[in-house]
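Results of the structural survey
As a plain string of letters, each chain reads:
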Amino acid sequence: MIDLVDIDAIFEARLRKYMEEHAGEYSEDAWEEKIAELYEAFGSERLAELGGKSPEKYYAGEDGAALVGLLARHVREGVAVSDYLCEAIMDADGAEEPLISLLGEAEEELVFYAMNLLKDMGSVKPLGQYLDFLLDPSVGRDRKELCTEILCEYPDRVKESILEKYKGASEEDRSSLLDILSHAQKDDRILRLLTDALLSHAEEIPLYAAFVRRYGDEKALSALYELIEREEINYQDFQELKLAIESLGGEYEKERDFSNDKVYRKIMEQKKGMKS
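In what follows, the accompanying structure is described. (Residues numbered from 1 in each chain as written. Predicted model: local features only at pLDDT ≥ 70, side-chain atom pairs only at ≥ 80, totals over all residues. Heavy atoms only, no water.)

Another aspect to go through is the overall build of the protein chain. Counting secondary structure elements, the protein chain contains 15 helices and zero strands. By the compact-globule yardstick of 19 Å for 276 residues, the protein chain is too spread out, its C-alpha radius of gyration being 26 Å. Taken along its principal axes, the extent of the C-alpha atoms in the protein chain is 75 × 55 × 30 Å. Taking all 276 residues of the protein chain together, 42% fall into the buried category. Carbon and sulfur atoms form 46% of the exposed surface of the protein chain, whose accessible area is close to 15,500 Å². (Helix = DSSP H or I, 4+ residues; strand = E, 2+ residues; numbered from the N terminus. Rg over C-alpha atoms; globule rule 2.2 N^0.38 Å. Buried < 20%, exposed > 50% of the residue type's maximum accessible area, 1.4 Å probe, protein only. Areas by Shrake-Rupley, 256 points an atom, 1.4 Å probe, with all protein chains shown as cover.)

See the structure below:
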């Protein structure tokens, strides 16, 4: 069984020694390049602390379940998880199911490691769990944001589940669901949700206009024209709506008076300053 070793601590100790020996020799930018160079060399160096193996080869030959178990030990014992361990897990056979099992763990850090590794592995098996996380009021915002990011890569795989659960979701979670759906293939049900949300969230027009723009269905133009005609919209919202209209192949040439709008006045003042 492979030992738990803090590989990052080994590198950091060597780096501190190197920096002390070469103090004053490099600028801050040069140090960044040098550290990256030293870390790359460190990866292939045979180390006594690793039984004569290099960090890149230390985990070679271990099966996925063993490596995922080692990852869990690192987190639970407060030992830094190195990039080498993460890369070994992604390359190992049999790591996917053990990683999925970690999604039910109480340690948030462990769940994040599992989610990120599964994401990098291109795993689609836990997509349903991610959607459940996203809609669970007890789950923290950081995890929900990661779920949204992952699900945005596979919108059509979760589309039907989202459409089924959308009505019962909280207002904040609905925004995330629309973000995901805005990446999906064309579907009139999705279009209706996106345009309804745009028309009913006057305080967040840039966000919902961006969803509509990304979705790219020209049938959304009628809703955009309806909204941009509202006298109460501000200059920033007007610009976002005009951009969305143009991105969908429409035009809006009507002159509008924003002389009393704070954002508009600030932009005009900046333009005058640049000319002078």
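Now that the structure is up, let's keep going.
Our focus in this paragraph is the packing of helix α7 (residues 127-135) against helix α8 (residues 141-151). Their axes nearest at 9 Å, the elements α7 and α8 cross at an angle of 140°. Considered as vectors, α7 and α8 are oriented oblique to each other. Between α7 and α8 lies a crossing whose hand is left-handed. Each of Leu-127, Tyr-130, Leu-131, Phe-133, Leu-134 and Leu-135 in α7 lies in contact with α8, whose residues at this interface are Arg-143, Lys-144, Cys-147, Thr-148, Ile-150 and Leu-151. Split by residue class, the contact of α7 with α8 holds nine nonpolar, one polar and two charged. (Axes fitted to C-alpha atoms, helices over the stretch in contact; angles between N-to-C directions. Parallel < 35°, antiparallel > 145°, perpendicular 65-115°, else oblique. Left-handed = near helix turned anticlockwise from the far one by under 90°. Contact = heavy atoms within 4.5 Å. Nonpolar A, V, L, I, M, F, W, Y, C, P; charged D, E, K, R; others polar.)

Further remarks concern the packing of aromatic side chains. Here the structure, examined in full by the defined rule, presents 13 aromatic pairs. Ring centres of Tyr-208 and Phe-211 lie 5.7 Å apart, and the angle between their planes is 90°; this geometry places the pair in the edge-to-face category. Of this pair, Tyr-208 and Phe-211 are both found in helix α12 (residues 205-215), three residues apart, which corresponds to roughly one turn of the helix. Centroid distance Phe-238 to Tyr-252: 5.8 Å. Interplanar angle 70°. Geometry classified as edge-to-face. (Phe/Tyr/Trp six-rings, centres within 6.5 Å; stacked < 30°, edge-to-face > 60°.)

For the rest of this paragraph, the subject is the pattern of salt bridges. This structure, assessed with the given rule, holds 23 salt bridges. Note that Lys-119 is salt-bridged to Glu-149, the shortest N-O span being 3.6 Å. Here the residue Lys-119 occupies a position in helix α6 (residues 108-121), and Glu-149 occupies one in helix α8, the gap between them amounting to 30 residues. Among the charged side chains, a salt-bridge network with shared partners connects Arg-141, Lys-144, Glu-172 and Asp-173. (Salt bridge = Lys/Arg side-chain N within 4 Å of Asp/Glu carboxyl O.)

Contact geometry of helix α9 (residues 155-165) with helix α11 (residues 188-200) gives a least axis separation of 11 Å together with a crossing angle of 55°. When the interaxial angle is binned, α9 and α11 end up oblique. With respect to the hand of their crossing, α9 and α11 are arranged in left-handed fashion. In contact with Lys-159, Glu-160 and Leu-163 of α9, α11 contributes Arg-189, Ile-190 and Leu-193. Residues of the contact of α9 with α11, tallied by class, amount to three nonpolar, no polar and three charged.

The next thing to look at is the environment of Glu-160. Looking at the element boundaries, Glu-160 is found in helix α9. Placed 95 residues apart in sequence, Glu-160 and Ala-65 show a C-alpha to C-alpha distance of 33 Å. Side chain to side chain, Glu-160 and Arg-189 meet in a polar contact 2.7 Å long. (Polar contact = N/O pair within 3.5 Å; in protein donor to acceptor, adjacent residues only side chain to side chain.)

Let us look at the state of the cysteines. Put plainly, a disulfide is one covalent bond tying together the sulfur atoms of two cysteines. Overall, the coordinates contain zero disulfides when judged by the stated rule. The closest cysteine sulfur to the non-disulfide-bonded Cys-147 is located on Cys-152, 11 Å from its own sulfur. (Disulfide = S-S within 2.5 Å.)

The next subject is the side chain of Ser-182. With respect to the helices and strands, Ser-182 occurs in the loop between α10 (171-181) and α11. Here Arg-214 takes part through its side chain, which lies 2.6 Å from a polar atom of the side chain of Ser-182. The residues contacting Ser-182, other than those within four sequence positions of it, are Leu-194, Phe-211, Arg-214 and Tyr-215.

What follows concerns a negative patch on the surface. Taken together, the side chains of Glu-40, Glu-56, Asp-83, Glu-87 and Asp-91 define an acidic patch exposed on the protein surface. In terms of residue count, helix α4 (residues 83-91) provides more of the negative patch than any other element does, three residues in total. Within the fold, Glu-40 resides in helix α2 (residues 28-43). Judged by relative accessible area, Glu-40 falls into the exposed class, the value being 61%. (Patch = residues over 30% accessible without salt bridge, like charges linked within 9 Å, V, L, I, M, F, W, Y side chains within 5 Å. Lys, Arg positive; Asp, Glu negative; His and termini not counted. Charge placed at Lys NZ, Arg CZ, Asp CG, Glu CD.)

On to α7. Taken as a whole, α7 has its buried residues at Leu-127, Tyr-130, Leu-131, Phe-133 and Leu-134. Down the axis of α7, the buried side of the element spans an arc of 155°, and every buried residue falls inside it. Elements in contact with the buried residues of α7: α6, α8, α9 and α10. (Arc of directions from axis to C-beta.)

Let us look at helix α14 (residues 235-247). Across its 13 residues, α14 extends 18 Å between first and last C-alpha, which sits within 8% of the 18 Å expected from 1.5 Å per residue. Turning to α14, its buried residues number three or more, namely Tyr-235, Asp-237, Phe-238, Leu-241, Ala-244 and Ile-245. With a side-chain oxygen lying 3.2 Å from the backbone nitrogen of Gln-236, the N-terminal cap of α14 falls on Asn-234. Downstream of α14 by a residue or two, Gly-249 has a phi angle that is positive, lying close to 90°. (Expected span 1.5 Å × (residues − 1).)

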